[in-house]
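# Summary of structural features
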Amino acid sequence: MQGKAPQSVITDGDPAMRIAIGTIFPDAHHRLCAWHLLRNSTANISDPRFTQMFRHCMLADMEIEEFEAYWESMVNECGVREVEWVKDLYTKKHAWATAYIRGRFFAGVRTTSRCESLHAKLGRFVESRYGVLEFVRNFQRCVDFLRDTEDELDFRSWYGTPVLQTEFVELEKSGWTMFTREMFLRYRDSLKRDHISNRFSCSCMRMESFGIPCVHILSVCVRLDLVEIPESLVLRRWSKAAKLEIHNQCGEQDTAEPSVTYRTRLGAFSQLCKRLGRVACMSDEDFKLYSNKLMSDALFLEIKYGLRPLTDNMTTANDCGVKDPIRVRTKGTARMSQAGGSAPKTKRKCSACGKLGHRRTRCPNGGAQPSPRNKQSLAGRNKRKRTEVTT
(Lines give C-alpha, C1' and ligand atoms only; values in the text may rest on other atoms or scores of the structure.)
Protein backbone atom coordinates (compact mmCIF):
# COMPACT_ATOMS: atom_id res chain seq x y z
CA MET A 1 0.00 0.00 0.00
CA GLN A 2 3.11 2.23 -0.32
CA GLY A 3 2.95 3.15 3.37
CA LYS A 4 -0.64 4.42 3.21
CA ALA A 5 -2.67 3.63 6.35
CA PRO A 6 -6.40 2.78 6.16
CA GLN A 7 -8.99 5.46 6.94
CA SER A 8 -11.47 3.07 8.50
CA VAL A 9 -11.47 -0.44 9.97
CA ILE A 10 -14.41 -2.76 10.78
CA THR A 11 -14.04 -5.62 13.28
CA ASP A 12 -16.29 -7.83 15.42
CA GLY A 13 -15.31 -5.98 18.61
CA ASP A 14 -12.41 -8.13 19.82
CA PRO A 15 -10.59 -6.17 22.60
CA ALA A 16 -7.11 -7.12 21.40
CA MET A 17 -7.96 -5.91 17.89
CA ARG A 18 -9.26 -2.62 19.26
CA ILE A 19 -6.02 -1.99 21.16
CA ALA A 20 -3.85 -2.95 18.19
CA ILE A 21 -5.79 -0.73 15.76
CA GLY A 22 -5.52 2.24 18.11
CA THR A 23 -1.76 1.70 18.37
CA ILE A 24 -0.83 0.97 14.76
CA PHE A 25 -3.51 3.06 12.98
CA PRO A 26 -4.19 5.96 15.36
CA ASP A 27 -5.88 8.08 12.66
CA ALA A 28 -8.20 5.32 11.41
CA HIS A 29 -11.81 5.19 12.61
CA HIS A 30 -12.69 1.84 14.18
CA ARG A 31 -16.24 0.64 13.57
CA LEU A 32 -17.99 -2.37 15.08
CA CYS A 33 -19.68 -4.89 12.79
CA ALA A 34 -23.45 -4.28 12.69
CA TRP A 35 -24.24 -7.97 12.19
CA HIS A 36 -22.31 -9.02 15.32
CA LEU A 37 -23.97 -6.27 17.38
CA LEU A 38 -27.46 -7.41 16.38
CA ARG A 39 -26.56 -11.01 17.19
CA ASN A 40 -25.22 -9.99 20.60
CA SER A 41 -28.35 -7.95 21.31
CA THR A 42 -30.48 -11.01 20.66
CA ALA A 43 -28.27 -13.16 22.89
CA ASN A 44 -28.05 -10.66 25.80
CA ILE A 45 -31.55 -9.13 25.79
CA SER A 46 -33.73 -11.77 24.09
CA ASP A 47 -36.37 -9.16 23.26
CA PRO A 48 -37.35 -8.86 19.56
CA ARG A 49 -38.73 -5.38 20.20
CA PHE A 50 -35.39 -4.17 21.58
CA THR A 51 -33.49 -5.73 18.68
CA GLN A 52 -35.71 -3.94 16.15
CA MET A 53 -35.42 -0.58 17.91
CA PHE A 54 -31.67 -0.99 18.37
CA ARG A 55 -31.25 -1.72 14.68
CA HIS A 56 -33.04 1.52 13.82
CA CYS A 57 -30.99 3.39 16.39
CA MET A 58 -27.75 2.04 14.93
CA LEU A 59 -28.38 2.34 11.18
CA ALA A 60 -30.84 5.22 10.81
CA ASP A 61 -29.50 8.47 9.32
CA MET A 62 -30.29 10.94 12.13
CA GLU A 63 -28.72 13.83 14.00
CA ILE A 64 -26.91 13.32 17.31
CA GLU A 65 -29.72 14.97 19.27
CA GLU A 66 -32.26 12.67 17.64
CA PHE A 67 -30.10 9.65 18.45
CA GLU A 68 -29.82 10.56 22.13
CA ALA A 69 -33.58 11.11 22.41
CA TYR A 70 -34.33 7.82 20.63
CA TRP A 71 -31.86 5.93 22.86
CA GLU A 72 -33.50 7.23 26.03
CA SER A 73 -36.91 6.28 24.72
CA MET A 74 -35.71 2.80 23.77
CA VAL A 75 -34.06 1.88 27.10
CA ASN A 76 -37.06 3.18 29.05
CA GLU A 77 -39.62 1.38 26.92
CA CYS A 78 -37.72 -1.94 26.96
CA GLY A 79 -36.63 -1.62 30.61
CA VAL A 80 -32.94 -2.36 29.97
CA ARG A 81 -31.35 0.76 31.42
CA GLU A 82 -29.57 -1.15 34.21
CA VAL A 83 -28.35 -4.02 32.04
CA GLU A 84 -24.53 -4.06 32.03
CA TRP A 85 -24.29 -5.03 28.36
CA VAL A 86 -26.48 -2.08 27.37
CA LYS A 87 -24.39 0.31 29.48
CA ASP A 88 -21.17 -0.92 27.88
CA LEU A 89 -22.77 -0.67 24.43
CA TYR A 90 -23.68 2.97 25.00
CA THR A 91 -20.10 3.86 25.92
CA LYS A 92 -19.00 2.55 22.49
CA LYS A 93 -21.61 4.52 20.53
CA HIS A 94 -18.92 6.33 18.51
CA ALA A 95 -17.98 2.98 17.02
CA TRP A 96 -21.43 1.83 15.84
CA ALA A 97 -24.01 4.66 15.75
CA THR A 98 -24.44 6.21 12.29
CA ALA A 99 -25.20 9.56 13.93
CA TYR A 100 -21.61 9.68 15.24
CA ILE A 101 -19.98 7.97 12.26
CA ARG A 102 -21.41 10.25 9.55
CA GLY A 103 -18.65 11.89 7.53
CA ARG A 104 -16.27 8.96 8.01
CA PHE A 105 -15.65 7.09 4.77
CA PHE A 106 -16.71 3.44 4.94
CA ALA A 107 -17.85 3.01 1.30
CA GLY A 108 -21.26 1.88 2.55
CA VAL A 109 -19.78 -1.15 4.35
CA ARG A 110 -21.25 -1.80 7.80
CA THR A 111 -20.29 -5.41 8.47
CA THR A 112 -17.35 -7.76 8.05
CA SER A 113 -19.21 -9.58 5.29
CA ARG A 114 -16.63 -8.56 2.68
CA CYS A 115 -13.95 -10.36 4.67
CA GLU A 116 -16.18 -13.40 5.18
CA SER A 117 -16.95 -13.46 1.45
CA LEU A 118 -13.25 -13.50 0.65
CA HIS A 119 -12.76 -16.38 3.11
CA ALA A 120 -15.53 -18.32 1.36
CA LYS A 121 -13.95 -17.78 -2.06
CA LEU A 122 -10.56 -18.86 -0.74
CA GLY A 123 -12.15 -21.98 0.75
CA ARG A 124 -13.13 -23.11 -2.75
CA PHE A 125 -9.45 -23.39 -3.72
CA VAL A 126 -7.50 -24.43 -0.59
CA GLU A 127 -8.06 -27.03 2.11
CA SER A 128 -6.52 -27.64 5.53
CA ARG A 129 -4.92 -30.90 4.36
CA TYR A 130 -2.75 -29.13 1.77
CA GLY A 131 0.99 -28.84 2.23
CA VAL A 132 2.88 -25.59 1.69
CA LEU A 133 3.49 -26.17 -2.02
CA GLU A 134 -0.13 -27.18 -2.73
CA PHE A 135 -1.38 -24.22 -0.70
CA VAL A 136 0.76 -21.72 -2.63
CA ARG A 137 -0.31 -23.14 -6.00
CA ASN A 138 -4.03 -23.13 -5.19
CA PHE A 139 -3.82 -19.75 -3.47
CA GLN A 140 -2.38 -18.35 -6.70
CA ARG A 141 -5.31 -19.93 -8.59
CA CYS A 142 -7.69 -18.08 -6.26
CA VAL A 143 -5.86 -14.79 -6.84
CA ASP A 144 -5.99 -15.34 -10.62
CA PHE A 145 -9.73 -16.03 -10.38
CA LEU A 146 -10.34 -12.80 -8.45
CA ARG A 147 -8.23 -10.79 -10.89
CA ASP A 148 -10.02 -12.28 -13.91
CA THR A 149 -13.35 -11.37 -12.35
CA GLU A 150 -12.13 -7.84 -11.75
CA ASP A 151 -10.90 -7.58 -15.36
CA GLU A 152 -14.33 -8.68 -16.58
CA LEU A 153 -16.03 -6.01 -14.48
CA ASP A 154 -13.57 -3.41 -15.77
CA PHE A 155 -14.39 -4.42 -19.33
CA ARG A 156 -18.12 -4.03 -18.69
CA SER A 157 -17.49 -0.57 -17.23
CA TRP A 158 -15.39 0.67 -20.13
CA TYR A 159 -17.38 -0.73 -23.04
CA GLY A 160 -21.08 -0.75 -23.85
CA THR A 161 -23.80 1.85 -23.66
CA PRO A 162 -26.52 1.83 -20.97
CA VAL A 163 -30.21 2.34 -21.60
CA LEU A 164 -31.05 5.81 -20.30
CA GLN A 165 -33.86 5.69 -17.77
CA THR A 166 -34.13 9.21 -16.37
CA GLU A 167 -35.25 12.54 -17.74
CA PHE A 168 -31.81 14.05 -17.08
CA VAL A 169 -30.16 12.61 -20.17
CA GLU A 170 -26.91 14.57 -20.09
CA LEU A 171 -26.34 13.99 -16.38
CA GLU A 172 -26.97 10.26 -16.81
CA LYS A 173 -24.59 10.05 -19.79
CA SER A 174 -21.94 11.94 -17.86
CA GLY A 175 -22.29 9.54 -14.93
CA TRP A 176 -21.81 6.54 -17.23
CA THR A 177 -18.61 7.94 -18.74
CA MET A 178 -17.03 8.67 -15.34
CA PHE A 179 -18.29 6.10 -12.80
CA THR A 180 -17.70 2.37 -12.82
CA ARG A 181 -20.69 0.25 -13.79
CA GLU A 182 -21.60 -0.70 -10.20
CA MET A 183 -21.37 2.87 -8.89
CA PHE A 184 -23.24 4.21 -11.93
CA LEU A 185 -26.25 2.04 -11.05
CA ARG A 186 -26.30 3.51 -7.54
CA TYR A 187 -25.79 7.01 -8.92
CA ARG A 188 -28.71 6.56 -11.30
CA ASP A 189 -30.96 5.42 -8.45
CA SER A 190 -30.26 8.71 -6.72
CA LEU A 191 -30.86 10.58 -9.96
CA LYS A 192 -34.27 8.95 -10.35
CA ARG A 193 -35.40 10.33 -6.98
CA ASP A 194 -34.11 13.83 -7.74
CA HIS A 195 -36.82 16.51 -7.99
CA ILE A 196 -36.11 19.14 -5.31
CA SER A 197 -33.35 20.86 -3.27
CA ASN A 198 -30.62 23.14 -4.59
CA ARG A 199 -27.29 22.79 -2.74
CA PHE A 200 -23.85 21.18 -3.37
CA SER A 201 -22.80 20.66 0.24
CA CYS A 202 -25.42 18.75 2.14
CA SER A 203 -25.93 18.17 5.85
CA CYS A 204 -26.69 14.49 5.19
CA MET A 205 -22.97 14.11 4.38
CA ARG A 206 -23.65 11.21 2.02
CA MET A 207 -20.84 12.32 -0.26
CA GLU A 208 -18.37 12.22 2.63
CA SER A 209 -19.66 8.86 3.87
CA PHE A 210 -20.28 6.89 0.67
CA GLY A 211 -18.36 8.83 -1.97
CA ILE A 212 -21.31 9.39 -4.36
CA PRO A 213 -23.53 12.49 -4.66
CA CYS A 214 -26.76 12.44 -2.71
CA VAL A 215 -30.18 13.31 -4.07
CA HIS A 216 -29.86 16.88 -2.86
CA ILE A 217 -26.55 17.54 -4.63
CA LEU A 218 -27.91 16.13 -7.87
CA SER A 219 -30.83 18.51 -7.60
CA VAL A 220 -28.37 21.39 -7.77
CA CYS A 221 -26.91 20.00 -10.98
CA VAL A 222 -30.39 19.79 -12.49
CA ARG A 223 -31.35 23.33 -11.44
CA LEU A 224 -28.09 24.73 -12.84
CA ASP A 225 -28.58 22.84 -16.15
CA LEU A 226 -25.21 21.14 -15.86
CA VAL A 227 -24.47 18.74 -18.70
CA GLU A 228 -21.76 16.78 -16.86
CA ILE A 229 -20.80 15.89 -13.31
CA PRO A 230 -18.22 18.20 -11.70
CA GLU A 231 -14.96 16.41 -10.98
CA SER A 232 -15.28 17.30 -7.30
CA LEU A 233 -18.30 14.98 -7.09
CA VAL A 234 -16.46 11.96 -8.55
CA LEU A 235 -14.43 10.14 -5.93
CA ARG A 236 -11.31 8.85 -7.62
CA ARG A 237 -11.57 5.37 -6.11
CA TRP A 238 -14.97 4.88 -7.83
CA SER A 239 -13.82 6.13 -11.25
CA LYS A 240 -12.76 3.97 -14.18
CA ALA A 241 -9.36 5.66 -14.29
CA ALA A 242 -8.58 4.87 -10.64
CA LYS A 243 -6.01 2.18 -11.47
CA LEU A 244 -4.19 3.97 -14.28
CA GLU A 245 -2.19 6.27 -12.04
CA ILE A 246 -1.48 3.45 -9.58
CA HIS A 247 0.00 1.24 -12.32
CA ASN A 248 2.22 4.09 -13.52
CA GLN A 249 3.43 4.75 -9.99
CA CYS A 250 4.19 1.07 -9.45
CA GLY A 251 6.24 1.00 -12.68
CA GLU A 252 8.29 4.02 -11.60
CA GLN A 253 8.91 2.75 -8.08
CA ASP A 254 12.46 1.46 -7.44
CA THR A 255 13.51 -0.67 -4.51
CA ALA A 256 16.80 -1.95 -3.18
CA GLU A 257 16.02 -5.48 -4.39
CA PRO A 258 16.27 -5.77 -8.23
CA SER A 259 14.01 -8.83 -8.22
CA VAL A 260 11.29 -6.95 -6.33
CA THR A 261 11.56 -4.03 -8.73
CA TYR A 262 11.35 -6.42 -11.70
CA ARG A 263 8.20 -8.12 -10.37
CA THR A 264 6.58 -4.76 -9.63
CA ARG A 265 7.26 -3.51 -13.14
CA LEU A 266 6.11 -6.81 -14.63
CA GLY A 267 2.77 -6.61 -12.81
CA ALA A 268 2.22 -2.99 -13.87
CA PHE A 269 3.17 -3.72 -17.49
CA SER A 270 0.89 -6.79 -17.58
CA GLN A 271 -2.08 -4.62 -16.69
CA LEU A 272 -1.23 -2.24 -19.52
CA CYS A 273 -0.97 -5.15 -21.95
CA LYS A 274 -4.38 -6.42 -20.82
CA ARG A 275 -5.87 -3.01 -21.52
CA LEU A 276 -4.31 -2.98 -25.00
CA GLY A 277 -5.46 -6.54 -25.66
CA ARG A 278 -9.11 -5.74 -24.94
CA VAL A 279 -9.28 -3.28 -27.84
CA ALA A 280 -6.64 -4.75 -30.17
CA CYS A 281 -8.54 -8.05 -30.45
CA MET A 282 -11.79 -6.44 -31.59
CA SER A 283 -10.81 -6.63 -35.28
CA ASP A 284 -8.55 -8.93 -37.27
CA GLU A 285 -6.69 -5.98 -38.79
CA ASP A 286 -5.78 -4.42 -35.44
CA PHE A 287 -4.89 -7.82 -34.00
CA LYS A 288 -2.36 -8.53 -36.76
CA LEU A 289 -0.96 -4.99 -36.70
CA TYR A 290 -0.29 -4.83 -32.97
CA SER A 291 0.84 -8.47 -32.79
CA ASN A 292 3.56 -7.72 -35.34
CA LYS A 293 4.55 -4.56 -33.47
CA LEU A 294 4.83 -6.37 -30.15
CA MET A 295 6.81 -9.21 -31.72
CA SER A 296 9.25 -6.79 -33.37
CA ASP A 297 9.78 -4.87 -30.13
CA ALA A 298 10.21 -8.11 -28.17
CA LEU A 299 12.88 -9.36 -30.61
CA PHE A 300 14.70 -6.04 -30.40
CA LEU A 301 14.79 -6.10 -26.59
CA GLU A 302 15.80 -9.76 -26.47
CA ILE A 303 18.80 -8.98 -28.67
CA LYS A 304 19.56 -5.83 -26.67
CA TYR A 305 19.80 -7.72 -23.37
CA GLY A 306 21.57 -10.75 -24.84
CA LEU A 307 18.62 -13.14 -24.62
CA ARG A 308 18.79 -13.90 -28.37
CA PRO A 309 21.95 -14.08 -30.55
CA LEU A 310 22.33 -11.43 -33.23
CA THR A 311 22.50 -13.06 -36.69
CA ASP A 312 22.83 -11.61 -40.16
CA ASN A 313 19.47 -12.98 -41.23
CA MET A 314 17.53 -11.97 -38.12
CA THR A 315 14.05 -13.38 -38.11
CA THR A 316 11.43 -10.76 -38.72
CA ALA A 317 8.09 -10.52 -36.96
CA ASN A 318 6.27 -11.90 -40.00
CA ASP A 319 8.41 -15.09 -39.91
CA CYS A 320 7.65 -15.86 -36.28
CA GLY A 321 4.26 -17.37 -36.83
CA VAL A 322 3.32 -20.98 -36.05
CA LYS A 323 4.43 -23.28 -38.88
CA ASP A 324 3.89 -26.96 -39.72
CA PRO A 325 6.09 -29.37 -37.74
CA ILE A 326 8.91 -31.34 -39.38
CA ARG A 327 7.78 -34.74 -40.59
CA VAL A 328 9.54 -37.74 -39.06
CA ARG A 329 9.30 -41.48 -39.56
CA THR A 330 6.84 -43.05 -37.12
CA LYS A 331 6.87 -46.51 -35.61
CA GLY A 332 4.90 -49.34 -37.14
CA THR A 333 4.02 -50.11 -40.74
CA ALA A 334 4.20 -46.88 -42.71
CA ARG A 335 2.37 -46.40 -45.97
CA MET A 336 4.30 -43.20 -46.69
CA SER A 337 8.00 -43.11 -47.44
CA GLN A 338 10.34 -40.69 -45.69
CA ALA A 339 10.30 -38.40 -48.71
CA GLY A 340 6.55 -38.22 -48.52
CA GLY A 341 5.76 -40.32 -51.63
CA SER A 342 3.38 -43.28 -51.74
CA ALA A 343 4.61 -46.91 -51.83
CA PRO A 344 4.19 -48.82 -55.16
CA LYS A 345 1.09 -50.98 -55.41
CA THR A 346 1.42 -54.78 -55.71
CA LYS A 347 0.21 -56.11 -59.06
CA ARG A 348 -2.45 -58.78 -59.17
CA LYS A 349 -1.48 -62.38 -60.10
CA CYS A 350 -3.67 -64.62 -62.19
CA SER A 351 -4.63 -67.83 -60.44
CA ALA A 352 -5.05 -69.65 -63.77
CA CYS A 353 -1.86 -68.92 -65.72
CA GLY A 354 0.26 -67.55 -62.86
CA LYS A 355 1.18 -64.32 -64.65
CA LEU A 356 1.07 -60.79 -63.20
CA GLY A 357 -1.14 -57.92 -64.32
CA HIS A 358 -4.57 -59.57 -64.52
CA ARG A 359 -7.03 -61.81 -62.73
CA ARG A 360 -8.34 -65.27 -63.66
CA THR A 361 -11.61 -63.84 -64.96
CA ARG A 362 -9.68 -61.61 -67.38
CA CYS A 363 -7.01 -64.14 -68.30
CA PRO A 364 -6.19 -64.01 -72.05
CA ASN A 365 -5.92 -67.82 -72.01
CA GLY A 366 -9.52 -67.97 -70.82
CA GLY A 367 -8.46 -69.62 -67.62
CA ALA A 368 -8.60 -73.01 -69.47
CA GLN A 369 -4.88 -73.83 -69.26
CA PRO A 370 -3.80 -73.51 -65.65
CA SER A 371 -0.13 -73.71 -64.82
CA PRO A 372 1.36 -76.92 -63.33
CA ARG A 373 1.47 -75.27 -59.94
CA ASN A 374 -2.19 -74.27 -60.19
CA LYS A 375 -3.05 -77.81 -61.34
CA GLN A 376 -1.59 -79.23 -58.18
CA SER A 377 -3.56 -76.74 -56.03
CA LEU A 378 -6.80 -77.52 -57.90
CA ALA A 379 -6.23 -81.24 -57.53
CA GLY A 380 -5.67 -80.82 -53.82
CA ARG A 381 -8.90 -78.88 -53.42
CA ASN A 382 -10.90 -81.49 -55.41
CA LYS A 383 -9.41 -84.29 -53.27
CA ARG A 384 -10.49 -82.52 -50.08
CA LYS A 385 -14.01 -82.03 -51.44
CA ARG A 386 -14.30 -85.78 -52.26
CA THR A 387 -13.08 -86.67 -48.76
CA GLU A 388 -15.64 -84.40 -47.17
CA VAL A 389 -18.47 -85.87 -49.22
CA THR A 390 -17.36 -89.47 -48.37
CA THR A 391 -17.22 -88.69 -44.70
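An unreviewed UniProt entry lists the protein under the name Protein FAR1-RELATED SEQUENCE, with Arachis hypogaea as the source organism. Regarding the protein, the relevant UniProt record gives this comment under Subcellular location (unreviewed entry): "Nucleus".

Here the focus is the side chain of Glu-172. Tracing the backbone shows Glu-172 in helix H9 (residues 169–178). Note on Glu-172: relative accessible area 0%, which makes it buried. Side-chain polar atoms of Glu-172 contact the side chain of Arg-188, separated by 3.3 Å. Here Glu-172 is in contact with Val-163, Leu-164, Gln-165, Thr-166, Phe-184, Tyr-187, Arg-188 and Leu-191, once residues within four sequence places are set aside.

Before going further, it helps to examine unusual backbone geometry. Notably, Ala-107 is not glycine yet its phi reads approximately 55 degrees, a positive angle. Tracing the sequence through the fold places Ala-107 in the loop between helix H6 (98–101) and helix H7 (113–123). At Met-205, a residue that is not glycine, the phi angle is positive and equals roughly 55 degrees. Mapped onto the elements of the fold, Met-205 is located in the loop between helix H10 (181–192) and helix H11 (206–210). Here Met-205 falls in the partly exposed class, since its relative accessible area comes to 30%.

Further remarks concern the packing of aromatic side chains. One pass over the structure, following the stated rule, counts 14 aromatic pairs. Their ring planes at 65 degrees and their centres at 5.8 Å tell us that Phe-67 and Trp-96 sit as a pair that is edge-to-face. With Phe-67 in helix H4 (residues 64–78) and Trp-96 in the loop between helix H5 (84–91) and H6, the pair connects residues that are 29 residues apart, well separated along the chain. Exposure class is identical for Phe-67 and Trp-96. Each is buried. Each ring, one from Trp-176 and one from Phe-184, has its centre 5.3 Å from the other, and the planes form 75 degrees; the classification is edge-to-face. We note that Trp-176, like Phe-184, is buried. Taken together, the ring pairs connect Phe-50, Phe-54, Phe-67, Trp-71, Tyr-90, Trp-96 and Tyr-100 into an aromatic cluster. Positioned over the ring face of Phe-210 is Arg-206, at 4.8 Å from the centre of the ring.

Tallied over the entire structure, the rule returns 16 salt bridges. A salt bridge links Lys-288 to Asp-284; the nearest nitrogen and oxygen atoms lie 3.2 Å apart. Of this pair, Lys-288 and Asp-284 both sit in helix H15 (residues 284–304), four residues apart, which is roughly one turn of the helix. Several salt bridges share partner residues, and in doing so they unite Asp-47, Arg-49 and Glu-77 into one network.

Now for the nonpolar core. Formed by 27 residues in total, the largest nonpolar core has its most connected members in Phe-50, Phe-54, Met-58, Phe-67, Trp-71, Val-86 and Trp-96. Elements supplying a minimum of two residues to this core: helix H2 (34–45), helix H3 (48–59), H4, H5 and H6. Residue contacts for Val-86: discarding those within four places in its chain leaves Ile-45, Phe-50, Trp-71, Val-75 and Val-80. Core analysis: the next-biggest nonpolar cluster, separate from the first, contains 21 residues, Tyr-187, Ile-212, Cys-214 and Leu-218 among them.

Rules of the game
Residues numbered from 1 in each chain as written. Predicted model: local features only at pLDDT ≥ 70, side-chain atom pairs only at ≥ 80, totals over all residues. Heavy atoms only, no water. UniProt positions renumbered as here; feature names shortened; annotations may be inferred. Helix = DSSP H or I, 4+ residues; strand = E, 2+ residues; numbered from the N terminus. Buried < 20%, exposed > 50% of the residue type's maximum accessible area, 1.4 Å probe, protein only. Polar contact = N/O pair within 3.5 Å; in protein donor to acceptor, adjacent residues only side chain to side chain. Contact = heavy atoms within 4.5 Å. Phe/Tyr/Trp six-rings, centres within 6.5 Å; stacked < 30°, edge-to-face > 60°. Lys NZ or Arg CZ within 6 Å of the ring centre and 35° of its normal. Salt bridge = Lys/Arg side-chain N within 4 Å of Asp/Glu carboxyl O. Core = buried A, V, L, I, M, F, W, Y, C linked by side-chain atoms within 4.5 Å.

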